[in-house]
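Single-letter residue listing:
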Amino acid sequence: MQIAHGDETPVFNDASSVRGGKVDKQILLSGDPASPGNFKFGLFGQHADFYSPRHRHNFCQFRVQISGVCDYAANGKMTPGTIAFMPEGVYYGPQGPDVGESYTATVQFGGPSGQGYVTLEQKNVAKAELDKIGVFEKGVFRRNPDVPGKRNMDGFEAVWEQAMGRPLIYPDAQYGMPVLMHPENFEWLPVAGADGLEIKTLGSFTDCQIPCATWRLQPGASLTAKGRGIYMVLSGQGVLQDGEFRRFTSVYLDTGETARFKAREVSEILLLGLPDVAELRTYSPPTAAVERQLEPS
Amino acid sequence: MSAKIQTFRFEEAIGRAVKSTRGRGVDGAGSPGLNVVQFPIDTGLPDINLRFGFDQIGDGFFTPRHRHNFDQFRYVVSGAMNLAKGLDLHEGECVHVPEGTYYGPLNQKGPVSLLVIQFPGPNGAYRISDTEKSAAMDALKAAGGFFEDGVYKLPKPDGHSLNRDSYEAVWEQHNGRPITYSKPRYETPIVMRPQAFRWTPDPARPGVEIKRLGTFNEHGTSVALWRVAPGTLIPSEILAAPELRCVVRGEALYDGKVIDAKGVFYIPEGLRTDPIECPNGAEFLVFTLPMYARVAWEAAKARRVLAA
């Protein structure tokens, strides 16, 4: 179990960012880099100059729009309260430039394919190496003319391949597009046997059945959270285990762990589910023969 | 009224009594085909008019961008269905179009055949029956209007026409009040690509593997594919939520009846099934509808009355 508070976590500007524009980051929770279930959860402030071309990832992510607007073109706009699930292999965007600043909570995590998730530290090292042989412009890595290799690459792909030393093979997409959810339009349903506790199940996705849900606790009500995922306090305050919770207090629970929230005032707690590591596929990197076919010309 | 376990062979599906209210040239000559057959499923709940059937849509079929006040899923049996510009649903793929979510325009290229389920969603809005739709369309035509390109057009004395989305016009004609839509829970339809999902064994049903494609809304409406190994006997069971199981490949034997491709089971909650035998193997498309469990539906109705 990990517990972190949004108001106690330092803000930094990420030098490893491969997209265009400035992003202020707070990393609250993170996983085991050696595990295919690795993850990173944080709060992100995107400045209005942020831009990202249409792209995809070899990991999954949830994004929660806290303030401002993120425009994903044909995939829709995220307004405050909207939650997006971006499955691995699914294209989305382009994103931005947006009007004003946008503040989101985001978790990126290894998806069903078992390809895992590259850490910030690995990305920092890889990007520093790429900065010596090219430039990142609006989410695209442009290799210097005198350097052998592909001229233009998606910035994330370039960093990932530099970090991992092999071509990035995207998992087949299980969905046609990201899933944007509007929790305010779901109905609260009472949780049987739990006074003062209501739930909105927002959906579950992929063959790992990754869940997303939110609970509302009346003063005095309790929630015993269980199941691998990130539990983020959207509003309210109360007692969490031996300490306190308040807005943006966030908890990571591994499979089999539990955490108890007891509300002092009306509180909402959001689950951004993570797949059980045992359910992830065993990823086999491509064979040497396949790698040769994929070498940039 | 309580529902029974129902099984239908494809031959027991019945033709639709009325054309779609949408689709280019519904009234005109050369209207692209939309042939629908549907199973006479009785949910046992009078408010729930569930349509499950087999649609064949012809080349050139068009509907404008629109939304529904009910939920639906579509699964492509053959061909490819256009969902919007640059977005097609291919053979073996499935889409969930939740109530209140806009989609389209649909501009069909080539023929496509689909399994389609439409049913009142969490909002509980009444889904009009074909008979009711037919009567409402007749009344609207008798009023001097006509249907074209998914729009009901009522000519005015000044030479212009009063235009309404055709489904809305028909729904309002039948119900005598303005149609309302729930606010969208999801921004877009959810397109599922089952070929990228993995089969996982069902611990409760030896010989059955499942692809769980997605679970949606606060009630947990879900869709899955089942692959049943040859020689499997799906044991007798009591479901907590109603399920609609459609055979998409192979065949199943139930109570002496052979249910083969495009045949369907409707199994209400709380009733004990007989074993389902699949001597040569089968694949099912399975919809689970927790909000149609009688207790859940009655509770939801009570909440809606309170909210109103």
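Draft legend 1. Here's a closer look at the overall build of chain B. Regarding its fold elements, chain B presents three helices and 24 strands. In terms of C-alpha radius of gyration, chain B reaches 20 Å, essentially the compact-globule figure of 19 Å for 308 residues. Seen through its C-alpha atoms, chain B measures out along the principal axes to roughly 70 × 45 × 35 Å. Counting all 308 residues of chain B, 42% fall into the buried class.

Draft legend 2. How the structure looks around the overall build of chain A. When helices and strands are tallied, chain A shows three helices and 23 strands. Here chain A has a C-alpha radius of gyration of 20 Å; the compact-globule value for 297 residues is 19 Å, and the two agree. In terms of overall dimensions, chain A has a C-alpha envelope of 65 × 40 × 35 Å along the principal axes. By the burial criterion, 44% of the 297 residues in chain A qualify as buried. Across chain A, the fraction of contacts at a sequence separation of at least 24, relative to all contacts at a separation of at least 6, is 69%.

Draft legend 3. Inspection of the pairing of strand β20 (residues 243–254) of chain B at higher detail. All names here are of chain B. Sheet analysis places β20 next to strand β22 (residues 264–267), joined by four bridges and oriented antiparallel. Following the sheet pairing, E243 is matched in β22 by I267. Bridging between β20 and strand β24 (residues 282–288) involves seven bridges; their strand directions are antiparallel. Looking at β24, one finds that V247 is bridged to F284. In this sheet, strand β21 (residues 257–260) lies alongside β20 in antiparallel orientation, the contact comprising four bridges. Counterpart to E251 in the pairing with β21 is D260. Connecting the antiparallel pair β20 and β21 is a turn made up of two residues, with D255 showing a positive phi of about 55°.

Draft legend 4. How the structure looks around the interface of chain B and chain A. On the chain A side, the residues contacting the 25 residues of chain B number 24 residues. Among the secondary structure elements, those contributing two or more residues to the side of chain B that touches chain A are β15 (190–192) and β17 (208–216) of chain B. With five residues, β17 of chain B is the largest single contributor of residues to the side of chain B that touches chain A. In the side of chain B that touches chain A, the residues fall into 10 nonpolar, seven polar and eight charged. Sheet analysis places strand β15 (residues 197–205) of chain A next to β17 of chain B, joined by two bridges and oriented antiparallel.

Draft legend 5. Looking closely at the confidence of the model for chain A. Residues with a pLDDT of 70 or more make up 93% of chain A, whose mean pLDDT is 91. Every residue in residues 292–297 of chain A scores below 50 in pLDDT, and together they form three contacts with partners more than four places removed in sequence or on other chains.

Draft legend 6. How the structure looks around helix α1 (residues 130–142) of chain B. Residue and element names in this part refer to chain B. Over its 13 residues, α1 runs 18 Å from end to end, which matches the ideal 18 Å to within 8%, given 1.5 Å per residue. Among the residues of α1, K133, A136, M137 and L140 are the ones counted as buried. Buried residues of α1, viewed axially, fall in a sector of 100°; they line one side. Turned more than 90 degrees from where α1 packs its buried face, T131, D138 and A142 sit exposed. On its buried side, α1 packs onto β13 (151–155) and α2 (166–175).

Draft legend 7. Up close: the sheet that holds strand β10 (residues 134–137) of chain A. Residue and element names in this part refer to chain A. Taken together, three strands build an open sheet; the order of strands is β10-β11-β12 and the sheet is antiparallel. Edge positions in the sheet fall to β10 and β12 (152–154), since each of these pairs with one other strand and no more. In this sheet, neighbouring strand axes are inclined to one another by 25° on average, regardless of whether the strands run parallel or antiparallel. In this structure, β10 lies alongside strand β11 (residues 140–143), joined through four bridges in antiparallel fashion.

Draft legend 8. Expanded view of the sheet that holds strand β11 (residues 112–119) of chain B. Residue and element names in this part refer to chain B. One open sheet accounts for seven strands, arranged β2-β3-β4-β11-β6-β9-β15; its pairing is antiparallel. With one partner strand each, in any of the chains shown, β2 (14–15) and β15 form the two edges of the open sheet. With three bridges joining them, strand β9 (residues 94–97) and β15 adopt antiparallel strand pairing. In the sheet register, C94 faces β15, and the bridge partner there is M192.

Draft legend 9. Main features of the packing of α1 of chain B against α2 of chain B. Residue and element names in this part refer to chain B. Close contact between α1 and α2 brings their axes to 9 Å; oriented N to C, the two are set at 100°. Here α1 is positioned roughly perpendicular relative to α2, judged by the angle of their axes. In this structure, α1 contributes E132, K133, A136, M137, A139 and L140 to the contact, and α2 contributes A169, V170, Q173 and H174. Within the contact of α1 with α2, the residues separate by chemical class into six nonpolar, two polar and two charged.

Draft legend 10. Representation of the environment of I267 of chain B. Counting through the fold element by element, I267 of chain B comes out in strand β22. On the basis of neighbour counts, which here come to 23 C-beta atoms within 10 Å, the residue I267 of chain B falls in the buried class.

What counts, and at which threshold
- Residues numbered from 1 in each chain as written.
- Chains lettered and ligands numbered in written order.
- Predicted model: local features only at pLDDT ≥ 70, side-chain atom pairs only at ≥ 80, totals over all residues.
- Helix = DSSP H or I, 4+ residues; strand = E, 2+ residues; numbered from the N terminus.
- Rg over C-alpha atoms; globule rule 2.2 N^0.38 Å.
- Buried ≥ 20, exposed ≤ 12 C-beta atoms within 10 Å, placed from the backbone.
- Contact = placed C-beta atoms within 7 Å.
- Pairing = 2+ DSSP bridges.
- Nonpolar A, V, L, I, M, F, W, Y, C, P; charged D, E, K, R; others polar.
- pLDDT = per-residue confidence, 0-100.
- Expected span 1.5 Å × (residues − 1).
- Arc of directions from axis to C-beta.
- Axes fitted to C-alpha atoms, helices over the stretch in contact; angles between N-to-C directions.
- Parallel < 35°, antiparallel > 145°, perpendicular 65-115°, else oblique.

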